[in-house]
Amino acid sequence: MNPIDELRAARPAHLGDQPVDERTRAAELTRAMAAPRQSRQSRRTRRVVRPVWSLGLAGAAAATAAAVVITSNGAQPVTPRTTPATSALATTQATVRLSARDVLLAAAGSAESRPEGRGAYWHTTSVSRNLYVAEKGGYRIMDVGRSEMWTPRATGGETWSRGQSLGAHPVTDEDRAAWEQAGSPSEITVAAKMIGGTKRFVVPMAEGKVRTEHAPLLDGDKVFWLGRNITMKDLRRLPADPARLKKWLEAAYDGNGTESTDEEMSADVWLFKVGVGLVTDMPVTPEVRGAAFRMLAGLDGVRVTENATDSEGRRGTAVSVTEDVPGPAVLEDRLVFDVATGRALARENVVVKPGGLQAGLEPGTVWNSTALLDAGWTDANPEG
């Protein structure tokens, strides 16, 4: 049983589809998360690769528990399909909605219970992928890169980075055939029709060299951007209460986007993007990471997708919001994460309405992604 199914079974059937106050919901989800895991022998018998949650105290309710459908907030529930083995229970089953809020609250409990390591540097490793359409030939290529970052805990230190282009490749056999028909060029020109004119850039197909760089911290102590440049001390002292955290972040919101552009952006979309940054790869305390998940759970317009697969092939759950971007185009900004651990897996942009750099891509296509492979404290940096 996967974590979402555990969440489904954990909610008592007698609650039906009634609204539940946050304290009750949090208690249910915390109970499911804290229940003891199954034994190793049991996992072997069931051929489960990773540990699964035991139903624990919810076990008594599991036999007649409601089948829960993952929906976006406010969506209509879908009646689950029954099998001969379960049809006898059909008359007692209730369809219960498990919203983005429910999933995010469960992830919050998981995230704040994870142990935090120690070290002189906050280290992250990620792999990014960008999908482009060739100006000549119309075939698609995937540009891939790997990067590592080391951010010092101490004031006056240096940031280190190591990056490498892993090259680009045609996405499908059809794309490869079109690329070969075009002469298998080593560089691909991509053109984006934007407001104000067409912008072009070149994507090399070959793998690049590994580049390692280092530089002093901005102003000697600024390490990250959260609507404004902040210090490691600021980051480590963020409030662990979701309401106070939201208020702290909103102080930097000016109605525009997160990239210091003039593009307007709603407060909830802005908070989603900044909050996801906290969850994904910033060295906040486990309690603050849990608060960030809870803050996201309170935002309007957040949707959930069950059984999402990131670009590294890892399964998780996704929450997302849509936003208008230059092009013009509409994208779905989504976070893929593991509910059981509260660990972020990837940040993705999915095409809703193509335009600009997304022109030629079908709605539903993942345009770009950044998969987080590792994030934690370490005493080592590239210098040794």
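Residues numbered from 1 in each chain as written. Predicted model: local features only at pLDDT ≥ 70, side-chain atom pairs only at ≥ 80, totals over all residues. Heavy atoms only, no water.

**Q** Let's hear about the overall build of the protein: which residues, and what values?
**A** Looking only at helices and strands, the protein features 10 helices and 15 strands. Taken across its 384 residues, the protein has 45% of its residues classed as buried. Within the protein, contacts between residues separated by at least 24 positions form 61% of all contacts whose residues are at least 6 apart in sequence. For the protein, the exposed surface amounts to about 19,500 Å²; the carbon and sulfur share of it is 49%. (Helix = DSSP H or I, 4+ residues; strand = E, 2+ residues; numbered from the N terminus. Buried < 20%, exposed > 50% of the residue type's maximum accessible area, 1.4 Å probe, protein only. Contact = heavy atoms within 4.5 Å. Areas by Shrake-Rupley, 256 points an atom, 1.4 Å probe, with all protein chains shown as cover.)

**Q** Which residues make up the packing of aromatic side chains, and what values do they have?
**A** Taken as a whole and judged by the stated rule, the model has four aromatic pairs. Seen in terms of ring centroids, W122 and W377 are 5.4 Å apart; in terms of plane orientation they differ by 70°. Their pairing is edge-to-face. On the criterion of sequence distance, the pair formed by W122 in strand β3 (residues 121–133) and W377 in strand β15 (residues 366–378) is long-range, its members being 255 residues apart. A relative accessible area of 11% places W377 in the buried class. Ring geometry for F293 versus F337: centroids 5.5 Å apart, planes at 55°, classification tilted. Placement of the pair is F293 in helix α10 (residues 286–297) and F337 in strand β13 (residues 329–338), with a sequence separation of 44 residues. Considered together, F293 and F337 belong to a single accessibility category, that of buried residues. (Phe/Tyr/Trp six-rings, centres within 6.5 Å; stacked < 30°, edge-to-face > 60°.)

**Q** Outline helix α5 (residues 100–112), listing residues and values.
**A** Between its first and last C-alpha atoms α5 spans 18 Å; for 13 residues at 1.5 Å apiece the expected length is 18 Å, and the two agree. Among the 13 residues that make up α5, 11 are buried, leaving the element largely enclosed by the rest of the structure. Within α5 the residues assigned to the buried category are A100, D102, V103, L104, L105, A106, A107, A108, G109, S110 and A111. (Expected span 1.5 Å × (residues − 1).)

**Q** I'd love a proper account of helix α9 (residues 267–281), names of residues and values included.
**A** Counting along an α-helix, one turn takes 3.6 residues, and residues three or four places apart therefore face a common direction. Compared with the 21 Å implied by 1.5 Å per residue over 15 residues, the 22 Å span of α9 between its first and last C-alpha is a close match. Of all 15 residues in α9, 12 are buried, a share of seventy percent or more. Among the residues making up α9, those that are buried are V269, W270, L271, F272, K273, V274, G275, V276, G277, L278, V279 and T280.

**Q** Which residues make up the pairing of strand β8 (residues 211–216), and what values go with them?
**A** Taken across its six residues, β8 has zero buried, putting it largely on the surface. The sheet contact formed by strand β5 (residues 158–170) and β8 spans six bridges and is antiparallel. Looking at β8, one finds that R162 is bridged to T212. (Pairing = 2+ DSSP bridges.)

**Q** Let's hear about the nonpolar core: which residues, and what values?
**A** Core analysis: the largest hydrophobic core is formed by 48 residues, its most contacted members being L226, L235, L249, L278, F293, V319 and F337. Contributing elements (two or more residues each) for this core: α5, β9 (222–225), α7 (232–236), α8 (242–250), α9, α10, β12 (315–325) and β13. With sequence-adjacent residues up to four places away left out, L249 is seen in contact with L226, W270, L271, V274, L278 and M295. Counting 21 residues, the second largest nonpolar core, distinct from the first, contains M142, M205, V325 and W367. (Core = buried A, V, L, I, M, F, W, Y, C linked by side-chain atoms within 4.5 Å.)

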